[in-house]
Every structure is written in structure tokens, then in C-alpha cells.
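Each chain, letter by letter, is given below.
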Amino acid sequence: MIDSRVKTLLAKKLNLPSLPAVVQKVGELLQDPRSGTREIAELVATDPPLAAKVLKIANSSFYGLRERCLSTEQASAVLGLKVLRNVVTQAAVVTQFDHLKGSGFDMDELWRHSIVTGQVASFLARRTKKPLGMTPEEVYSCGLLHDLGRVVMLENMREPFLEAARRAQAENMPAHACEEHTFGFNHADVGALVAQHWGLPAVACGAIQYHHGPREAVAREAAVALVANANLLVHRAGDGNLTAAASTFDEATLRILGLSGTDVTDAVDFVEQSLLAVQV
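Below: a short report on this structure.

What counts and how
Residues numbered from 1 in each chain as written. Predicted model: local features only at pLDDT ≥ 70, side-chain atom pairs only at ≥ 80, totals over all residues. Heavy atoms only, no water. Buried < 20%, exposed > 50% of the residue type's maximum accessible area, 1.4 Å probe, protein only. Helix = DSSP H or I, 4+ residues; strand = E, 2+ residues; numbered from the N terminus. Arc of directions from axis to C-beta. Phe/Tyr/Trp six-rings, centres within 6.5 Å; stacked < 30°, edge-to-face > 60°. Expected span 1.5 Å × (residues − 1). Contact = heavy atoms within 4.5 Å. Axes fitted to C-alpha atoms, helices over the stretch in contact; angles between N-to-C directions. Parallel < 35°, antiparallel > 145°, perpendicular 65-115°, else oblique. Left-handed = near helix turned anticlockwise from the far one by under 90°. Nonpolar A, V, L, I, M, F, W, Y, C, P; charged D, E, K, R; others polar.

**Some words on helix α5 (residues 72-79)**
Move 1: For α5, the full list of buried residues reads Thr-72, Ala-75, Ser-76 and Leu-79. Along the axis of α5, the buried residues cluster in a sector spanning 95°; they form a single face.
Move 2: With its phi angle positive at about 90°, Gly-80 sits one or two positions after the end of α5.

See the structure below:
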């Protein structure tokens, strides 16, 4: 997936973050048939700041709970194991990089975009008629983590990364293209390497690696096409260009994914609402 040249460049410049311990432990509990929602809730509850963030996310309008959850045990019972894992992953990953706030990069905006990309990718994964090799919950994680490479680059090489980000904005240049020109790799490369380091499935690593292309990679894998186009749709909707957002999925991509134009229109409406309600 990632060629040796890029791996060598990354190894020289970056320290890869570890998978948050609580996410790893939740994964282990999910593999244990003797464990259930109660055990996961108890694990999360041992970290009060994380538990508070989990409850904030669980009570957001995205999950549409009828009653407000007041405890992690209640949240786990209502949401179910797979959804709870996503909520914990979101809370833990965002918290892991809280120290980068105030670094000169808008972390809240990055997480808002990432979270909504995960949400719309999951939304469309439930509509697709083609096999993705992942569940909608796993697709959500790909969307959530697709820009994690930007966070890792910020942490490891702050000033050069910020300078590249400023240059991209000033020259109206895609951030990943400016990174490639400046460093010899981009945040999609970094994100895929982190995903491999965390033991995510190969299909998830590919969806993160190729969310900016190249075109042939996007067309080759349904999961890549879904995450790449969800990312672009959210960017366009976030810029207020709903017409462009609605045209994100061309006919070829709709065929690859087994989606209809109505599915995309519904997704644009979904994103418009999610951007207003997302919790970081």
C-alpha cells in the first residue's frame, strides 16, 4: 500500500501515536463472548473526563436518543456495542490530541469535518447495495480517522506543517498536494501508516490512504470510493456549496457503490444538519 520510499521518509520525520489504551481494551472486550455493554461501560467510567465526553457525544442529536443518558452504562445499553465502540473511539482520539489546541491550527474544525465525514460515510454504507468489506460502523471509523495524518504531522513537525497549510490556503492549493510537494509525502500517507500501526483492517487502511486519490485507486475499491466521496461532499457542504455537494458522486461512482441519486440527495440533507449539530 505505502511504498518503501514513503515509509523511509515517514520513519525519519515522525513518531506514530499509539492506539488509545481504552480503545484497545474495548476492542478486546468485544472479542470476549463473556463481556457485554456493562463491562465496557465500567471501563469507560474509570476515566471521568473520557466518560463525560462519551456522554456528550452519545447525547448529541446524531444518535437521536429519546432520553438523555446520564451514565456510561445507560449509554452502552441504549446505543449497543458497535455504536458504543465508535463513540469511545471518537472521544478517546479527540482527547488524545487535546494538547494541540492553540497550536495555530483549527483542531475543532478538523474534528468537526472528520466526525461528519464518518457520519455520512456510515449513512451511505447503510444504503449501498455493493459489498464494502466493512460494516457501517467500521466505515464510520475510516471517515473519523481519514485526516488523522494531519494531526500527526502537526504534532511532529509543527512549523513546517503550518507553513505548508498556510501556503496551500494562500495559493488555493489542495493541502495534500502542497504537503507532497513540500515533504515528499502527505497526510493520507501518514494516516494510512497510523492505521496500519493500530492494526486496522487493510480495507480501512486503503480507504484512509486513498481518500484524495489517485482516481484509479478510488475506482478500484468500493470502500475507498465511499470515504473519498463522503470527504469531498462534506467539504463542499461545509463551504456552503450544496449544489456541488449534490453532484459529488458521478454516475460511475454511483454504480460502483450501488447508490442512487436520491441516496446522495438525502446524504446532502443529512450532512447539512450534522454540520450544525456535531459535537467535538
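**Here's the deal with the packing of aromatic side chains**
Move 1: Scanning the entire structure with this criterion turns up 5 aromatic pairs.
Move 2: Members of the aromatic cluster, each reached through a chain of ring pairs, are Phe-62, Tyr-63, Phe-123 and Phe-270.

**Notes on helix α10 (residues 158-170)**
Move 1: Across its 13 residues, α10 extends 18 Å between first and last C-alpha, which sits within 8% of the 18 Å expected from 1.5 Å per residue.
Move 2: Where α10 is concerned, the buried positions are Phe-161, Leu-162, Ala-164 and Ala-168. Viewed end-on, α10 has its buried residues packed into an arc of 160°, placing them on one side of the element.
Move 3: Of the surrounding elements, those touching the buried residues of α10 are α9 (148-156) and α11 (175-183).
Move 4: Asn-172 occupies a position one or two residues after α10 and carries a positive phi of about 50°.

**Quick look at the packing of helix α13 (residues 202-209) against helix α15 (residues 222-238)**
Move 1: Where α13 contacts α15, the two axes come as close as 8 Å, and the packing angle between them is 40°. One finds that α13 runs oblique with respect to α15. Here α13 and α15 pass one another in a crossing that is right-handed. On α15, the residues touching Val-203, Gly-206 and Ala-207 of α13 are Ala-223, Val-224 and Val-227.
Move 2: Taken together, the residues of the contact of α13 with α15 sort by class into 5 nonpolar, 1 polar and no charged.

Geometric descriptors of this kind do not, in isolation, establish any biological role.
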